[in-house]
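Summary of the model geometry
Each chain is listed here by its residues.
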Amino acid sequence: MNTDTTPSLKRRLASMMYEAMLLFGVVGVTGALFSMLFQQRHALYLRHALQLWLLVVITSYFVWFWTKSGQTLAMKTWRIRLVTADGRQVDIRRAFFRYLIAWLWVLPGLALAWLAGARNWSLAIIPAMNMVLWALTIYLDPQRQFLHDRLAGTRIINVAP
C-alpha cells in the first residue's frame with residue numbers, strides 16, 4: 001500500500017463509523033462522570049453545561065490525537081493518517097480549524113431541517129442528504145480529499161501496515 005495515496009471513500013467512511021462507536025463510549029463515560037460530579041438527578045438539570053462539557057471533551061479528543069500522532073484510535077485501526085497538505089504533522093491551530101469546519105458534515109442539514117419544519121422521516125433524510133453531498137465533495141478535488149481537508153490545508157493518507 002502506497003503511504004502517500006489517499007484512502008478510498010469506503011475506508012474513510014468505515015473509519016468514521018468506527019469513530020462514532022468509540023465516541024459513544026467516550027461520551028457515555030464523560031457524561032456519567034459529569035452527572036456524578038454535579039449530582040445531576042434530572043436530564044434537564046445543567047443540560048447546557050453538560051452539552052458544553054461534551055463538546056469540549058469531543059473537541060479535545062480529536063485535536064489531541066491529530067496533533068500527537070495524526071491518528072485517532074479509529075484511524076489507527078483503518079491505517080489512515082491526517083497530515084498537512086505538504087505531508088507534515090498537523091499543529092493545534094490547524095487541527096482545531098479542521099475540527100470546526102468538519103461540522104459542516106451535519107450542521108447545514110440540521111439547520112435546513114429546522115428551517116423547513118421537518119417532521120418524521122424528513123428530519124433524518126435532510127441531514128443525511130447533507131452528509132452524502134459532503135462526502136461526494138471528494139470528486140471535486142484532484143487528490144480526492146474532503147472539502148474540509150482542502151479548506152484546512154490537511155489531507156488524509158494511507159499508512160503502511
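What you see is a predicted model, and the numbers here were worked out from it, not measured in a lab.

Overview of the packing of aromatic side chains
To describe a pair of aromatic rings, you give the distance between the ring centres and the angle between the ring planes. Taken as a whole and assessed by the stated rule, the structure comprises seven aromatic pairs. An angle of 65° between the planes, with centres 5.0 Å apart, marks the rings of Tyr61 and Phe65 as edge-to-face. With Tyr61 and Phe65 both in helix H2 (residues 47-68) and four residues apart, the pair spans about one turn of that helix. Assessed through its relative accessible area of 10%, Tyr61 is described here as buried. You can call Phe65 buried: its relative accessible area is 17%. By way of ring pairs, the aromatic residues Tyr61, Phe62, Phe65, Trp66, Tyr99 and Trp103 are connected into one cluster. Taking the ring centre of Phe146 as reference, the NZ or CZ of Arg12 above it sits at 4.6 Å. We note Arg98 situated over the ring of Trp66; from NZ or CZ to the ring centre the distance is 4.6 Å.

Section: the nonpolar core
Counting 14 residues, the largest nonpolar core has Phe62, Trp66, Met75 and Leu82 as the members making the most contacts within it. Counting only elements with at least two residues in this core, the list comes to H2, strand E1 (80-84) and helix H4 (92-102). Ranked by residue count, the leading element in this core is H2, at six residues. Of all hydrophobic cores here, the second largest spans six residues; its members include Leu9, Trp105, Trp134 and Phe146.

So, the environment of Ile138
Looking at the secondary structure, you find Ile138 in the loop between helix H6 (122-135) and helix H7 (147-152). It is 18 Å that separates the C-alpha atoms of Ile138 and Met75, two residues lying 63 residues apart in sequence. Setting aside residues up to four positions removed in sequence, Ile138 forms contacts with Leu9, Arg12, Arg144, Gln145 and Phe146.

Side note on the side chain of Thr59
Examined against the element boundaries, Thr59 turns out to sit in helix H2. Overall, Thr59 belongs to the buried group, its relative accessible area being 13%. In terms of polar contacts, Thr59 uses its side chain to reach the side chain of Tyr99, at 3.3 Å. Among all residues touching Thr59, those that are not within four sequence positions of it are Phe96 and Tyr99.

Some thoughts on the pattern of salt bridges
Tallying each qualifying case throughout the model produces three salt bridges. For Arg98, the salt bridge goes to Asp149, with nearest N and O atoms at 2.5 Å. Of the two residues, Arg98 is situated in helix H4 and Asp149 in helix H7; the sequence distance between them amounts to 51 residues. In this pair, the class of Arg98 matches that of Asp149, namely buried.

Analysis parameters
Counting restarts for each chain: residues are numbered from 1 in the order of the written sequence. Totals for whole chains, interfaces and linings use all residues, but because this is a predicted model, local features are given only for residues with pLDDT of at least 70 and pairs of side-chain atoms are given and counted only at 80 or more. Hydrogen atoms and water are omitted, and side-chain values are computed over all heavy atoms in the structure. Within 6.5 Å between ring centres, the rings of Phe, Tyr and Trp (the latter by its six-membered ring) count as paired, and their orientation is classed by plane angle as stacked under 30 degrees, edge-to-face over 60, tilted in between. Strands are runs of DSSP state E lasting at least two residues, helices are runs of H or I lasting at least four, and both sets are numbered from the N terminus onward. Note on classification: 1.4 Å probe, protein chains only; a residue is buried when its accessible area is under 20% of the maximum for its type, exposed when over 50%, partly exposed between these limits. Here, over-ring charges are defined by two tests on the NZ atom of lysine or the CZ atom of arginine: distance to the ring centre within 6 Å, and angle to the ring normal within 35 degrees. Joining through side-chain atoms within 4.5 Å is the link that ties buried Ala, Val, Leu, Ile, Met, Phe, Trp, Tyr and Cys residues into a set, and such a set is a nonpolar core. Residue contacts are counted whenever heavy atoms from the two residues lie within 4.5 Å of one another. Definition of a polar contact: a pair of N or O atoms within 3.5 Å, with one able to donate and the other able to accept a hydrogen when the atoms are protein atoms, and with sequence-neighbouring residues admitted only if both atoms are side-chain atoms. We define a salt bridge as a contact between a side-chain nitrogen of Lys or Arg and a carboxyl oxygen of Asp or Glu at a distance within 4 Å.

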